[in-house]
Structure formats: C-alpha cells, structure tokens
Amino acid sequence: MGISRRRLLTTTGVGVVAAAIDAGGLGAAAEAATRTAGHRTAAARKTAAAASASDAPGATTWDRTVQRESYAQGAGYQRLVAGPGEAHTIRTDLWSRFGPPTTALAAFAQMTDLHIVDDQSPARLEFMDRYADAGPPHHASYPTDSAYRGHEFLSTQVVDAMCQAIADVGKGPRSGKPLQFTIVTGDAIDNCQHNENRWYIDLLDGGRTIVPDSGRTGLDQSFSGGALTGGGTADDHYYYPSVPPQQVPGNRYTGTSGLGFPYVPGLLDASGAVGAARRPFVSHGLGMPWYAAYGNHDGLWQGNEPIDNNLVDVQGMTVGSSKTTGTSADLPDDYSDLGTFGKLMVAWDLEGTRVVADPERRLLTRKAFIQDHFNTAGLPVGHGFQGVGIDKAYYAIPSGSGDLIRYLTLDSTNTNTDGFGSGAAGGSIDSDQLGWLEQQLRANSSRYIDTGNRVVTQSGVQDKMYVLFCHHTLATMDNLDDGIFGGIFGDRHTGDELKALLLRYPNVIALVNGHTHANRITPHPTPAGSPISGGFWEISTASHIDWPIQSRIIEIMASPDAQNAGEFGSAAGPATLSIFTTMVDPAAPLSYGGDTSTPAQLPPWHGSWPPTTRRRWTTASPTGWASRRTATLNCSCRPPSRCTPRTRSAHR
C-alpha cells in the first residue's frame, strides 16, 4: 500500500517535484522493438515481428534517443542516428525540495496532435504552403506553412507505430506501475473529416483493418502521387517520392538543388498500382483504455474555419469532386496586405481539377465527432465523452473514492470563430465550462483561495490532486471570437483567466496539452501576495506530424518526506511528489533500408525529414533544449502534517 491520502493531502505545504524527462526532445522514430499484444490478429503479429528493430522491447528516451545527423540550418533531409539516453536534471523554478520517490500513485501516456490526414481530400489547400516559403516574394509572411507536408500521406502508419511503442513500454519507466490509460490531447485528425476520425479511432483501438485511402480505393489522387501535376512535372513544390528525380530536376524536395529527399519507388503510385502508403494493414492498438480531448483541427476546416461558414461551402467542397489546386485571386506579396476581403477572394476564386467524390470525407460537428467515439472496439466506450447526442467535449474521467488523483478534460477549441479575425486556430474556454471546472476543483479541495485573495477552508471535504488535460496551451488560448459579435458578450475566456483560476486551487499539480507541436515545460507559480504559495506545471508535448514525432509517459510518485518523522529515518516535512515525464518514439527502425513491404518500415522514412524544411521550426543546438526534455520540476502545493500514516511504503 502507498502513502495515505491524509498524509499527502492534509499537510501544510506539499512540494511537487515534477521530473520531466522530455528526453530526446530532438529525437524521432526511435529504434524500438516490438512485442505482440493478446488482442491483435495474426496478421498484425506478423507485421510487428517484421518491424522489430531491437532485442529490448519498450525502450523510452531514458534508455536511448534518436538524433539527426545534422542540426545545421538548411541541412535538408537528414538520416536518423541512435543517441544515448538522457538522465534527469532538476529544475527549481517552483520548489527546491526533493525526496527520493518510493510510492507510485499514477502512470499514464499522452499522445497529441496526431493529425491523421486524408491527403487526397478536395478541401485541402496545399498550394498555400509555398506562400510561407522564406525569401522573395513572400518572405514567409503567410501563416500557411502547414498547408502541405511532404510526408503527410504516412500519418496512419506513424500513429500505428506510436501505438505499438506505447503498448510495448506498458508501464512507467521510473515507477514500474502499469499504464492506466492514454490521453489524446486533441488534433487527432487534420481536417475534421469522418474518414480521418474513423482511422484515428480504429488505430488506437487496435485489431482493425486500416485502408489509408479515399475517393476510389486504389486510385491515388494526391499531389505527392503526381496524378494532379502531370506526373510531377507541372509543379516543383510537392514531394513526389516515386517519381525518378531526373524527371523533376527542379523539384524542391528531390531535384538537383533540392532538400535531398529520397527516391522511394512504389511508395506512392499514380499508375493504377497500389503504393505501399495506401496498402491496408491491421492496427496494433494501445491495448489499454484511452480518452480524448477536442482540438481545433478536430472541429474546424483546416483547423481554422467553421464548417458551417455561410460565405464558403466547405462541406460541399470536401465531399465534392473538385480538388483544389490553386486560386485565381491576385495575392499580395505580404500577408499583412491581404485583408479580410482578400481572404474571401482566395476562397471564392479557388481553382480545381476533377477527382472522385467521397461522402465519407464529410466534415464533423463537435456532436458528430463525439458520436464517432461510441462506435469503438476499445475502452471505455465513448472514450470519456458523456454520450451520443451530447454537444459538450469536457468531462471528468471517473475516479473512485480511494483515488488520490482526479483527471479533468477541458474543451479549449473555439468553433464559433468566423475565421477572418486573428487567432482563428487559437483556443479559449466558455463561461459554462469555466463554472463547471471550478465546481469540480472545489469538490476535492479542503482549502482554496477565493476571488478576494482569502483562504477558504471546507470541512469534511476529501482532498485530491488534480491533473487537467486540454488541447491548447495557456499562451494560445487567445481566441475570443463568437462568430457574430466579435466576442463582445464575454462568453469566452483566455488562458490567463484559466491560469488565474487554477492558481487559486493549490491541489492542481499539472496541465497537460499540445497544439504547438513542441516539447515544452512551463512553470506557473502563484502570484506574489498569494496566501498559499505553490503553483502548477504546464506540460506541452510534440506532435506526430512534425519533428520530433513523440509521445509522453507521465508518472506521479511520492517521496519518503510525505511520511511522519522517523518513518524512513527522515525528519518530518512537506510531502514531495515527483512527476516524471519520459518521451517515447515510434516503434520503427531508424531506416527503412529500401524496404516498403510492411507498414512498420514506413515511419522511419517519415521521421527522417528535418524541421529545417518547415519555416516554423528552429534548429537551436540540442543542448539548448535540455530544460524542456530532461528535467526534474519542483512545485509547491497542497496539505499538512497532522496525519498519521495508515500504511507504510517500502524503499525500492
């Protein structure tokens, strides 16, 4: 048995030490081994065996990391190489006390920003990506640098490899505690389409046949396949992996002066043969319960525009037969000169080519997105959402009376935005949800701070710690649009307002999110003058679509300092909680080795492309990111030493 709740949660000041192993924050596609899970089919087991790259299953970045051969700016396509594991370092931003953790309280995994992509969808605006290129004429002024990614047609295979990696790890690397669940913190899909949603749910459930194709199965109508650009000769801004480089010498990816992307015959094929990236495969799955949060790409067209936009029929475009290839509108060189009318002209003057229509591409409302989660082979049914027909994407993960930690999932996505203001992809929290959140926090907080900065004590309340999940970071919750009146009624609230609320409840220990596609850990201390010192850690995790392609394992442990004096030969003092976070790379070899015969061989090709080919990524030295990766985060919070231990925990 572990430390009692009263010992942890009713002492006069609990220190939370969050040891965040953001290890290998620069790594991707780690050379992790595979093992078979009991629920998988024989076909999936065969695939996993073929993909095995190591004799040691379940490796994390604590064991080893994955690096690029070069981090130089403009280095182009890079091979991946194995690197050493990363040890923990200690950060003292919020709390300097540290005790060796001995008791495991919780262990779970986080996946975020999977961006499962239907790269053949008519509603994608890939052509806009070039407007974000550095240099003339646009000088990276357009915020469209994610409109196209050269590797996006492999999104299902990458997520499958990540599910396998998490299942292989299976337990907290520090605590040894089995993973209780996985949380997906939003942007599971890229364009809020039904077929993307089905792929994502079936990938995480496992044992399902995934057909990563749309339109007419077997007929590749993607840009990367070359069918829309005369076999790749008509447009040099797309990556054509299966087109011989000599046929496209000016291509920015594979051409003579390009980024050095490889020629991979058979990866995509527009000639009628089914390319390796389109072949059906059986999903591995997580093999554990999983929960979901709602992100802007789950509910908005391209993550920015409402699907019921009265100015543009995006629903008709998505399920229709005209694939967008460009616009006849005259776009200015600088995005700041475009204006609202210019944006409308881009949308109204779209040009396209004929493709096969597909009703499975239909765009999903929030209610429909939630409903899809009840059509599942995994657990729990609904994956946290509260029921079919319910239009609320925030909820509490069920907990028992004996649980020390409560998990709350928030909906930070603003689907009301009109898309023509600033920050359409940004998030916020609505007033009803904010009120619900405070009720949840108050229910298991014996003391909190009211809006007048006074301590309120509640007798008879069972204290619990809180971990919150959402999609957006606090800094990106800046979108207050209501779609009609510009947010003048104040029904939505910023990240600063949410942070202020959380800092009034000292039992909050962590906020876990994504959205920025980067590994980052941010301390949020209580403000000067607060009657209760402390704070919480914001843990933001990288995506599966951009470098470094990683997930996290989060463990919460308690130290002997939570015991009474002498129980472990130590003096009585504030309890210390340790939140360890460890990065996980996809279960795939470092190189595909020219083999595209199985889905597991494809993710390492995907992972090899560097952030230097995207304008949004920097290439700072890996050592400059250590505090985001390998960190022990100290945080003061919660409780009192008037408790008597009911049980003792043993040293490990």
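What you see is a predicted model, and the numbers here were worked out from it, not measured in a lab.

Peer 1: Would you mind showing me how to read the overall build of the chain here?
Peer 2: The helix and strand inventory of the chain stands at 12 helices and 24 strands. For the chain, the residues scored as buried account for 61% of the 652 residues in total. In the chain, of all internal contacts separated by at least 6 residues, the share reaching a separation of at least 24 is 78%. On the chain, roughly 22,500 Å² of surface is accessible, and the fraction owed to carbon and sulfur atoms is 51%.

Peer 1: Can you walk me through helix 4 (residues 194–205) in this structure?
Peer 2: Spacing of three or four residues puts side chains on the same side of an α-helix, whose turn is 3.6 residues. Taking 1.5 Å per residue, 12 residues should reach 16 Å; helix 4 reaches 16 Å between its end C-alpha atoms and fits that length. Here helix 4 lies mainly inside the structure; 12 of its 12 residues are buried. What helix 4 keeps buried is the set His194, Asn195, Glu196, Asn197, Arg198, Trp199, Tyr200, Ile201, Asp202, Leu203, Leu204 and Asp205. Buried-residue contacts for helix 4 involve helix 3 (155–169), strand 6 (182–185), strand 7 (209–210), strand 8 (281–282), strand 9 (290–293) and helix 8 (366–372). Looking one or two residues past helix 4, Gly206 carries a phi angle of roughly 85 degrees, positive in sign.

Peer 1: Looking at this structure, how should I read the packing of helix 9 (residues 431–443) against helix 10 (residues 495–503)?
Peer 2: If you want to describe how two helices pack, look at the angle between their axes and the distance between the axes. With their axes 11 Å apart at the nearest point, helix 9 and helix 10 run at an angle of 15 degrees to one another. Here helix 9 is positioned roughly parallel relative to helix 10, judged by the angle of their axes. Helix 9 and helix 10 meet at a crossing whose hand is right-handed. Here Leu434, Leu437, Glu438 and Leu441 of helix 9 lie close against helix 10, whose contacting residues are Leu498, Leu501 and Leu502. Across the contact of helix 9 with helix 10, the residue classes break down as 6 nonpolar, no polar and 1 charged.

Peer 1: When you look at the sheet that holds strand 20 (residues 520–525) in this model, what are you seeing that I'm missing?
Peer 2: The pairing of strands in a sheet comes from backbone hydrogen bonds and takes either a parallel or an antiparallel form. Taken together, the 6 strands give an open sheet; going across it, the order is 12-13-17-19-21-20, and neighbouring strands pair in mixed fashion. Whereas interior strands pair on both sides, the edge strands pair on one side only; in this sheet they are strand 12 (395–397) and strand 20. Ignoring strand direction, the axes of neighbouring strands in this sheet form an average angle of 20 degrees. Alignment of strand 19 (residues 508–513) against strand 21 (residues 535–540), held across 4 bridges, turns out to be parallel. Within strand 21, the residue paired with Ala510 across the bridge is Trp537. Those strands touched by helix 10 are strand 17 (465–469), strand 19, strand 20 and strand 21, and its axis lies near 135 degrees from that of strand 21.

Peer 1: Where do I start with the side chain of Arg361 in this structure?
Peer 2: Tracing the backbone shows Arg361 in the loop between strand 11 (350–354) and helix 8. Apart from residues lying up to four places away in sequence, Arg361 is in contact with Asp118, Gln120, Ser121, Pro122, Gln193, His194, Asn195, Ser214, Gly215, Thr318, Val319 and Val356.

Peer 1: Explain the nonpolar core here, please?
Peer 2: It is characteristic of soluble globular proteins that their nonpolar side chains tend to be buried jointly. Ranked by size, the top nonpolar core spans 58 residues in total, and within it Tyr200, Leu204 and Val467 carry the most contacts. Ignoring any residue separated from it by four or fewer positions in sequence, one finds Leu204 in contact with Leu114, Val159, Cys163, Val184, Gly285, Leu286 and Trp290. Counting 38 residues, the second-largest nonpolar core is a separate cluster that includes Ala147, Tyr240, Leu267 and Leu338.

Peer 1: Would you mind showing me how to read the pairing of strand 23 (residues 576–584) here?
Peer 2: If a strand is regular, its side chains alternate between the two faces of the sheet. Taking burial as the measure, the 9 residues of strand 23 include 9 buried ones, the bulk of the element. Going residue by residue along strand 23, you find Thr576, Ser578, Phe580, Thr582 and Val584 tucked away on one face and Leu577, Ile579, Thr581 and Met583 tucked away on the opposite face as well. Here 8 bridges tie strand 22 (residues 551–558) to strand 23, and the two strands are oriented antiparallel to one another. Paired with Ile556 across the two strands is Ile579, which belongs to strand 23.

Peer 1: I would appreciate a short explanation of the side chain of Asn197 in the present structure.
Peer 2: Mapped onto the elements, Asn197 comes out in helix 4. Residue contacts for Asn197: discarding those within four places in its chain leaves Ile189, Leu364, Phe369, Asp372 and His373.

Peer 1: Where do I start with a nonpolar patch on the surface in this structure?
Peer 2: Taken together, the side chains of Leu311, Phe341 and Trp348 make up a nonpolar region of the molecular surface, amounting to roughly 340 Å² of accessible area. Tracing the chain through its elements places Phe341 in helix 7 (residues 339–348). Judged by relative accessible area, Phe341 falls into the exposed class, the value being 57%.

Peer 1: I would appreciate a short explanation of unusual backbone geometry in the present structure.
Peer 2: The step from Leu379 to Pro380 runs through a cis peptide bond, and the omega angle for that step is -10 degrees. A positive phi is found at Asn453, a non-glycine position, where the angle reads about 65 degrees. The class of Asn453 is partly exposed, set by a relative accessible area of 40%. The residue His517 is not glycine, and still its phi comes out positive at about 60 degrees. Position of His517 relative to the elements: it lies in the loop between strand 19 and strand 20.

Peer 1: What is the right way to look at the packing of aromatic side chains in this model?
Peer 2: For the coordinates displayed, the defined rule picks out 22 aromatic pairs. A ring pair is formed by Phe223 and Tyr238, whose centres lie 4.2 Å apart and whose planes are at 20 degrees; its orientation type is stacked. Of the two residues, Phe223 sits in the loop between strand 7 and strand 8 while Tyr238 sits in the loop between strand 7 and strand 8, which places them 15 residues apart along the sequence. Here Phe223 matches Tyr238 in class, with each residue buried. Aromatic ring contacts, followed pair by pair, group Tyr77, Tyr148, Phe223, Tyr238, Tyr239, Tyr253 and Phe261 into a single cluster. In this structure, Arg68 packs its charged tip against the face of Trp547, placed 5.1 Å from the ring centre. When the ring centre of Tyr253 is taken as reference, the NZ or CZ atom of Arg252 above it lies at 5.1 Å.

Peer 1: How do you make sense of the pairing of strand 21 when you look at a structure like this?
Peer 2: Of all 6 residues that make up strand 21, 6 are buried, and the element is covered over most of its length. Side chains of strand 21 alternate between two faces, with Gly535, Trp537 and Ile539 and Phe536, Glu538 and Ser540 buried alike. Of the pairings in the sheet, the one linking strand 20 to strand 21 comprises 6 bridges and is antiparallel in character. Note on strand 21: the bridge partner recorded for Arg520 is Ser540.

Thresholds, definitions, all that
- Residues numbered from 1 in each chain as written.
- Predicted model: local features only at pLDDT ≥ 70, side-chain atom pairs only at ≥ 80, totals over all residues.
- Heavy atoms only, no water.
- Helix = DSSP H or I, 4+ residues; strand = E, 2+ residues; numbered from the N terminus.
- Buried < 20%, exposed > 50% of the residue type's maximum accessible area, 1.4 Å probe, protein only.
- Contact = heavy atoms within 4.5 Å.
- Areas by Shrake-Rupley, 256 points an atom, 1.4 Å probe, with all protein chains shown as cover.
- Expected span 1.5 Å × (residues − 1).
- Axes fitted to C-alpha atoms, helices over the stretch in contact; angles between N-to-C directions.
- Parallel < 35°, antiparallel > 145°, perpendicular 65-115°, else oblique.
- Left-handed = near helix turned anticlockwise from the far one by under 90°.
- Nonpolar A, V, L, I, M, F, W, Y, C, P; charged D, E, K, R; others polar.
- Pairing = 2+ DSSP bridges.
- Core = buried A, V, L, I, M, F, W, Y, C linked by side-chain atoms within 4.5 Å.
- Patch = residues over 30% accessible without salt bridge, like charges linked within 9 Å, V, L, I, M, F, W, Y side chains within 5 Å.
- Salt bridge = Lys/Arg side-chain N within 4 Å of Asp/Glu carboxyl O.
- Phe/Tyr/Trp six-rings, centres within 6.5 Å; stacked < 30°, edge-to-face > 60°.
- Lys NZ or Arg CZ within 6 Å of the ring centre and 35° of its normal.

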